[in-house]
Amino acid sequence: MFLHVCLLVFAVARCAEATACNSHFTEPTGSIQSLNYPNGYENRLRCNYTITVPVGHRIKLTFTHMDLESCCDYVQIRDGGNGTAPSLGQYPGYRSRTLPFTIRSSGNQMWIKFYTDSSVNGTGFYATYESAEAENYFFLITSSGYSYYSGPTIYRVDPDSIRYDRIPIGNDGGGYNQTSMFDALYNPIAIDYDPVEEKMYWTEETTYWTGSDTTVNRIRSAHLNGSNVETVLSANSRGVVDHNSTSNEAAEFDGIAVDPLSRLIFYSDVGNKEIVMLTMSSHARKTVVNADLDRPRAIVLDTANGVLYWTDWGTPAKIERANYDGSNRTTVVSTNLNYTNGLAIDVANNKLYWVDADTDRLESSDLEGNGRTVLYQAPSSWYSSYYNHHFFGLALFDNSLYVTDWGRSGSKTTYSRLQKKSLATNGTSISPVSSRSGRLNDIHAYHEKTLANVSNGCENNNGGCSVICIPLPNNRSKCACPDGQNLTYSGTDCIDDGFPKTTTSPPITPTPIAGCDHNYTALSGTIQPPDVPSWYSGGIACTYVITAPKGYRITLNVTFMSSYSSYACLEVRDGGDESAPMFNTFCTYYGLPYEQRSFGNKLWVRYTKRFSWDPWYYSANTRTSNGSIATYTSEKTDDYFLLVAASPRSYYSSSSSSSSHAIYRVDPDTAAYYRIPMNRTLYNPMAIDYDPVEEKIYWTEKGTIVNRIRSSSLNGRNIATILSANTVNAEAVLDGIAVDPLSRLMFYTDAGNKEIVMLTMSSPRKRKIVASSGVDKPRAVVLDPTNGVVYWTDWGTPAKIERANYDGSERTTVINSNLNYTNGLAIDVPHNKLYWVDAGTDLVESSNLDGNGRTVLYEGLSYRNFFGLALFQNSLYITDQGYRRYDSYSYYSRMNYLLELPLGRNDLNVSQILSMSQTLNDIHAYHEKTLASGPNGCGNNHGGCSVICIPLPNNRSKCACPDGQNLTSDAKHCGDEPSPRSTTTSSTTATTTPKPFVVQASISSSAPKPFVTNGLLELNLTCVLDHNIKVIGYEWNVPCFHLIGNTCVLRPQASDNEKNVTCMANMEYGWTSQTALYQIRLEYPPPSAPTITGYTAGEIKQAGERLTLTCTVSGGKPLVTSVNFLCNRHPDNKTDVRGQNKVQSVLDIRSLEPEDDAMSCVCTGDWMNRDFYKLSETITLRVNGTSSNIHGKTGFSTDSSTSTRSIVGAVVGVGVVIIIVIVGIVGIVFWKKRRSARDDTNGLVSNIQYTTSSESLS
């Protein structure tokens, strides 16, 4: 027994240690310590701790003690909720480090790992943490290192603690770890940050230490955590070249600046002596300034007014400015400058700051160049001036200037400092705040208020411009075009130089035009380079634009393509210029390209014969080619296409660039496709749908970094975030999506909150929960917009397919057997068919819309992994993610396929349409006849509804309201929204002053009052404001069973009757929080009090008499389920009889005994929730009319037999006790004698005392 207790205690202790070793902290403050601190930790520990605080808060972790084995044990900290988040440092040993030291998160989560090896222990660590609502701010600093092997780096620096955290760029683990220098971070120089997409942009220049003639010069970008590295522009044809670039090998990119509002990048090109603008979406290029420039260097922007400032190291050195389009160019400062490296701007205070590496000065002026002031001047001695400073980068933050300083050795430095100059004091000194090995280059300071406090005329819908928007003062803007294009008469669109501004009807007789660079307007024709099939030398590029009438589509067939070189290629784009989406680039070593068909009425084709190239040398114009011949036709067709969402195969593969996250437009006839060029970066697009009314794509993005619903135009422009998961709540996981273009509604599945939700497509978007009860893991969703029915799949247990009306009514299960991971749904309302694919069963199946007629259409092999499903022209299109295998050494994924399964055949089988190396997710099919063939009652004037219109069969409709609002009496409007009223025109004009209003809160409920419940029914209480003020949170004084937005769902219990419920609405913009009151009044259906028959109160029964008692209970909601009927001495003689709305319990006492006198019988009804109904009936029996001392009665019984039996019983009982005691004593004595005989020591027997008493024996 003792052993068992020890084992149990040991197990509990180990369990407690395991809990302490892997803990999740959610309190706003707390402490974390190593196991067994401070008495020494164990070996081989792998402890993970996660701190999560509310969104918008940041965590400050302070170590007050750290004693670890310096070589091998460590504490690792990451800026997020798991081990893949950006590192905040790894700290081994630390006995010599000054404590305490502090680390701060950038978000609301922090992850800590404690690792120990197999030997040598310290006392451990102890840390405290606290959290508070804090703004997000940081520095970005580029560093070259001092040799290639030191690893060029981009640091994220905490301005408060000046802690440097290295950002891992792509697969970069330091220069020496790279398989190719083109994969590595390579001498980063200038840097800027786009807070809209959370992306860094930086320039990389040729380094000085490699000793190689191979150069790298490019502009790159990456997310703030280092992922999704992308080359924006490269000057070196031996690197990764952006094909939209007109850059050349003379280019030398240096300074860079980002305008996040206008979505523009500016860079300085020292080699070509120009300042250039790039669009962030398509990288379309426009030269801003290229005259009278010598060595342009640093760049800063005034984003509110569209003004650009730059430095020029030429002769004379100067600082200039111009509008974004190059107009109004002015010299700001032109004296006493030499190597002006860093610029910073303070538009609000009309200040410009700069540092110069030659004059060793930090200076300022106003934005016009007036009021020039020296803020810091290095000591005048030659020694101090040369060896102490070499200023490079400059940033303004929190009324201080931060300067990177290469120090004594200048460009060959091995040690740099970060200096600080406070603007709050009048002094002329600077102070070092940190030092670092290698060269610290540029610095950029970010504060989240930066973007919030600035606006311009381009931030809304790109100012209406198709390509480039130029901001102007006072929130105005104008449109511009890239180099080689001009604005059309619309003032917003761009067109190639020389293209006719007006068009005429196409000629009837096709007239092919031979030659290079031509426009074709005939309905059909032949395109061929000059002198085909004669030979011509390399280095040629021919561009052709085919334009057909609107409503026509163009089909291109290449009939001949030959080259002695592998670098003769045909580039085809779906539009009229080079910025149009590209179908593909087809080169000769792939053979003839397959048929290409435009989605619109234009097609752009370019044939190029590049210079011969191999990895080691160039040999220009040495090969020849006999070109290509293509024919084209155009015809009037319907508009139809497929949309496919794709993401990288693996987040750890080299394909995880931003281009691997894509949405493709696919021609189902020809399988031609192109990646829609989004003007912002996508992240793992999952489900997808299309709104033909506004020609917009809607999709969900689902991953560890973001989870949101976004939209864009069909051409990829005007990306907007519709809903982000963190704006719903921390549990939200947005997954499937479906759009009803007629009712202007979208539906999405939320697997985190386990609900199906409706969202209005108009702004402001209103939200209404369709289904939540019984939903487990909702996934795909499709709509019947004609009848207002939504279908969805659920991966729960059991997996199922369900449907309900748009408002959640008439919910029913369609299929609930032999399902597992049902990913894709498709619907055919005219033919009463529902289709689905399941990645667990590997089946493609169908049924009627009510679930009947279930049929297996195709049974996939084990290597199938079906995901998306779409129905188009009597065929099912399926995305197949294929077989995947994971092991400790490799990751493998076979190609992903788009499959076609034709319907209506006896031998159903799939055929491959196209294959990709990316993961193909959802698919959507669109045909322009889809919208025309499916009218509903909401298509006309939104059914007369003010917010939500629910379509009904037969072109009918009804109105509904979002969560938290109810329909008004006119059944059209919601909440307190007024109904439309007639207006009259007054003959006089009166000027009225708006009266200030007070926001009032109230709690509304559609439930009757008093509320009838059985303890399980739900009472919805909604906190409502009488004005449209944004609320940031609601606080209730009762525990809500569910909390959905501003609605508290209660399950009132009996004790809640007459309880006052309060809701506090906490509002933004300085409004005072308002409290609303609601009193709960409950009403219970009254059950009948239990009644006992068969005995009359006061009646005296005789011993030996038979007594039958019946207890009857009825009523209640739900009805009574059973009866508890008990008499003290006769508990097991009852039987229950159930009636229509009552239960009877019959207790049969066959022979009463004198001891039954004063016996109590209690009857109680048993309901589903007995706390509601505590009704009972009690009777007390009288037997033989005697008195007794039993059950609290006084006096003695006059029954002699009873007394005699009692006495005899007492004597017998005492005798038994005495016998037991005697036997026990004898046994003990016998045992002692035997033990004494065995004792061979001194014959001593322990003196054991025994106490025997009736108390101890009992």
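What counts and what doesn't
Residues numbered from 1 in each chain as written. Predicted model: local features only at pLDDT ≥ 70, side-chain atom pairs only at ≥ 80, totals over all residues. Heavy atoms only, no water. Helix = DSSP H or I, 4+ residues; strand = E, 2+ residues; numbered from the N terminus. Buried < 20%, exposed > 50% of the residue type's maximum accessible area, 1.4 Å probe, protein only. Salt bridge = Lys/Arg side-chain N within 4 Å of Asp/Glu carboxyl O. Pairing = 2+ DSSP bridges. Axes fitted to C-alpha atoms, helices over the stretch in contact; angles between N-to-C directions. Disulfide = S-S within 2.5 Å. 1 Å grid on protein atoms, 1.4 Å probe; cavity = no way out; pocket = protein on both sides within 12 Å on 5 of 7 lines; lining within 4 Å. Points joined across faces, edges and corners; volume = space filled by probe spheres on them. Nonpolar A, V, L, I, M, F, W, Y, C, P; charged D, E, K, R; others polar. Contact = heavy atoms within 4.5 Å. Phe/Tyr/Trp six-rings, centres within 6.5 Å; stacked < 30°, edge-to-face > 60°. Lys NZ or Arg CZ within 6 Å of the ring centre and 35° of its normal.

Kindly report on unusual backbone geometry, identifying the contributing residues and their values.
In this structure, P316 follows T315 across a cis peptide bond, with omega equal to 0°. Backbone torsion omega between T797 and P798 reads 0°, so that peptide bond is classified as cis. Looking at the secondary structure, you find P798 in the loop between β62 (789-794) and β63 (800-805). Not every positive phi belongs to a glycine, and V120 is a case in point at roughly 60°. On the basis of relative accessible area, V120 is assigned to the partly exposed category, the value being 49%. Positioned with a positive phi, N874 is a non-glycine residue whose angle comes to about 60°. For N874, the position within the fold is in the loop between β69 (866-872) and β70 (875-880).

Could you give me a rundown of the pattern of salt bridges, with the residues and numbers involved?
By the definition in use, this model includes 42 salt bridges. One salt bridge in this structure joins K754 and D776, with 3.5 Å as the shortest N-O distance. With K754 in the loop between β58 (745-750) and β59 (755-760) and D776 in the loop between β60 (767-771) and β61 (778-784), this pair connects stretches of sequence that are 22 residues apart. Assessed through its relative accessible area of 37%, K754 is described here as partly exposed. Taken together, the salt bridges that share partners define one network made up of R104, D158, D160, R163 and D165.

Requested: an account of the sheet that holds strand β33 (residues 439-447), with residues and values cited.
Spatial ordering of the open sheet is given by β12-β11-β10-β33, a layout of four strands whose pairing is antiparallel. Since the sheet does not close on itself, it has two edges, and those belong to β12 (164-166) and β33, each with one partner. For this sheet, the mean angle separating the axes of adjacent strands, direction not counted, is 30°. In this structure, strand β10 (residues 137-145) lies alongside β33, joined through seven bridges in antiparallel fashion. Along β33, the bridge assignment pairs G145 with R439.

Please give an account of the state of the cysteines that cites residues and values.
Scanning the entire structure with this criterion turns up 12 disulfides. The disulfide partner of C1023 is C1063, and the S-S distance across this bridge is 2.3 Å. In this structure, the disulfide formed by C1023 and C1063 twists by about -105° around the S-S bond and is classed as left-handed. With a gap of 40 residues between them, C1023 in strand β80 (residues 1019-1025) and C1063 in strand β84 (residues 1060-1067) connect regions that are remote in the sequence. Take C1023: its relative accessible area is 1%, and that puts it in the buried class. On the basis of relative accessible area, C1063 is assigned to the buried category, the value being 0%.

So what's going on with empty space enclosed by the protein? Residues and values would help.
In this structure the tally under the stated criterion is three cavities of 30 Å³ or more. Quantified by volume, the largest cavity comes out at close to 90 Å³. Residue lining of the largest cavity: 14 residues in total, with R58, R104, R156, D158 and R163 positioned closest to the centre. When grouped by side-chain class, the residues that make up the lining of the largest cavity number five nonpolar, two polar and seven charged.

With reference to specific residues and values, describe the environment of N474.
The topology assignment puts N474 in the loop between β34 (468-472) and β35 (476-480). The class for N474 is exposed, based on a relative accessible area of 68%. Along the chain, N474 and S455 lie 19 residues apart, while their C-alpha atoms are 9.4 Å from each other.

Residues and numbers for the environment of K318, please.
Along the chain, the position of K318 falls in strand β23 (residues 318-323). Classification of K318 by relative accessible area gives buried; the value is 16%. The spatial distance from the C-alpha of K318 to the C-alpha of T335 is 7.0 Å, given a sequence separation of 17 residues. For K318, the contacting residues outside a window of four places in its chain are D292, W310, T311, D312, T331, V333, S334 and L337.

Help me get a handle on the sheet that holds strand β52 (residues 673-675), residues and values and all.
Read across the open sheet, the four strands follow the order β52-β51-β50-β75; overall the sheet is antiparallel. The open sheet has two free edges, formed respectively by β52 and β75 (919-927), since each of these has just one partner strand. Strand-to-strand twist of the sheet, defined as the mean angle between neighbouring strand axes without regard to direction, takes the value 20°. Where strand β50 (residues 640-647) meets strand β51 (residues 662-666), five bridges bridge the pair, whose relative direction is antiparallel. What sits directly across from A646, in β51, is A662.

An account of the packing of aromatic side chains is requested, with residue identities and associated values reported.
Scanning the entire structure with this criterion turns up 34 aromatic pairs. Between F139 and F397 the ring centres are 5.3 Å apart and the planes differ by 85°, which places this aromatic pair in the edge-to-face class. Highlighted residues: F139 in strand β10 and F397 in strand β29 (residues 391-397), separated in sequence by 258 residues. On the accessibility criterion, F139 (0% relative accessible area) is buried. With centroids separated by 6.3 Å and ring planes inclined at 65°, the aromatic side chains of F872 and Y877 adopt a geometry described as edge-to-face. Classification of F872 by relative accessible area gives buried; the value is 4%. By relative accessible area, which is 4% here, Y877 ends up buried. An aromatic cluster of three or more residues is present, and its members are F583, F599, F641, Y674, Y690 and Y926. The aromatic ring of F138 is capped on one face by R156, whose charged end is 4.4 Å from the ring centroid. Note that R665 overlies the ring of F641, its terminal NZ or CZ placed 4.5 Å from the centroid.

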